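Examining the three-dimensional arrangement
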Amino acid sequence: MRSATVTRNTAETRITVEVTLDGTGQYDNQTGVGFFDHMLDQLARHSLIDMKVRCDGDLHIDDHHTVEDVGIALGQALTQAMGDKRGIVRYGACLLPMDDALVRAALDLSARPFLVWNVDLPTAKIGTFDTELVREFFQAFSTHGGITLHVDMLHGLNSHHIAEAAFKAVARSLRDALEVDSRKADAIPSTKGAL
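Bear in mind that the values here come from a model prediction, so they are computed numbers and not experimental data.

**Examining the nonpolar core**
By size, the foremost hydrophobic cluster in this structure holds 59 residues, and its most contacted members are Val19, Phe137 and Leu174. Residues in contact with valine 19, not counting those within four places in the same chain, are Arg2, Ser3, Ala4, Ile49, Asp50, Met51, Leu74, Ala77, Leu78 and Ala81.

Structure below.
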């Protein structure tokens, strides 16, 4: 079973993340930030990664540390759960529509983190959530998950729809990339022999 538990405690946040890559998309995410929990639920549901996140963060300051640190811990958990990456497809991509929003995500579980973020959220807030934190999450997640990640908004008017389409597009891309390749289930998907 490809699974991992990561605990991350700092002066700003106390986090526990549990993931099972070969799951059914079950989720139980409680960070104290409602919109962010909703996005994490989407990430789990559409990637089919079972995910449980608990975060007690310094929300009296703002949501930044909570969102970024959960991204760090989730990326670390993904890395641990993948192990040596033997048998994975490695690459995934998705073109995801959600009402007015159309977002494309493409990723490589390469151990070479890089984020390309071409997403313009038209409002500064979604409810009380700072929209700039969507990018912060994916920056932390891609860095600590060793993911080359490209996210491009092709169309969008509503910030909620755009952000949710981004999370869902990344989730569907992860689902594809994490699948075990039936033709090469015992091989590491690289000519280097390691990822």
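**Section: the pattern of salt bridges**
Summed over all chains, the structure comprises ten salt bridges. Between arginine 54 and aspartate 28 there is a salt bridge whose closest N-O contact spans 2.8 Å. One end of the pair, arginine 54, is in strand E4 (residues 50-57); the other, aspartate 28, is in strand E3 (residues 27-30), with 26 residues separating them in the sequence. On the accessibility criterion, aspartate 28 (30% relative accessible area) is partly exposed.

**Description of the side chain of aspartate 152**
Within the element layout of this structure, aspartate 152 appears in strand E10 (residues 148-155). Within polar-contact distance, the side chain of aspartate 152 engages the side chain of asparagine 118 at 2.7 Å. The residues contacting aspartate 152, other than those within four sequence positions of it, are Leu102, Val103, Arg104 and Asn118.

**Description of the sheet that holds E4**
Strands sit in the order E1-E2-E4-E3 across an open sheet of four strands; the sheet is mixed. Every other strand in the sheet has two partners, leaving strand E1 (3-9) and E3 as the edge strands with one partner each. The average angle at which neighbouring strand axes cross in this sheet is 5 degrees, direction not considered. Here E1 runs beside strand E2 (residues 13-20); their pairing, made up of seven bridges, is antiparallel. Counterpart to threonine 7 in the pairing with E2 is threonine 16. Along the sheet, helix H1 (residues 34-47) makes contact with E3 and E4, crossing E3 at roughly 155 degrees. Contacting E1, E2 and E4, helix H2 (residues 64-82) crosses the sheet at an angle of about 35 degrees to E2.

Rules behind the numbers
Residues numbered from 1 in each chain as written. Predicted model: local features only at pLDDT ≥ 70, side-chain atom pairs only at ≥ 80, totals over all residues. Heavy atoms only, no water. Core = buried A, V, L, I, M, F, W, Y, C linked by side-chain atoms within 4.5 Å. Buried < 20%, exposed > 50% of the residue type's maximum accessible area, 1.4 Å probe, protein only. Contact = heavy atoms within 4.5 Å. Salt bridge = Lys/Arg side-chain N within 4 Å of Asp/Glu carboxyl O. Helix = DSSP H or I, 4+ residues; strand = E, 2+ residues; numbered from the N terminus. Polar contact = N/O pair within 3.5 Å; in protein donor to acceptor, adjacent residues only side chain to side chain. Pairing = 2+ DSSP bridges. Axes fitted to C-alpha atoms, helices over the stretch in contact; angles between N-to-C directions.

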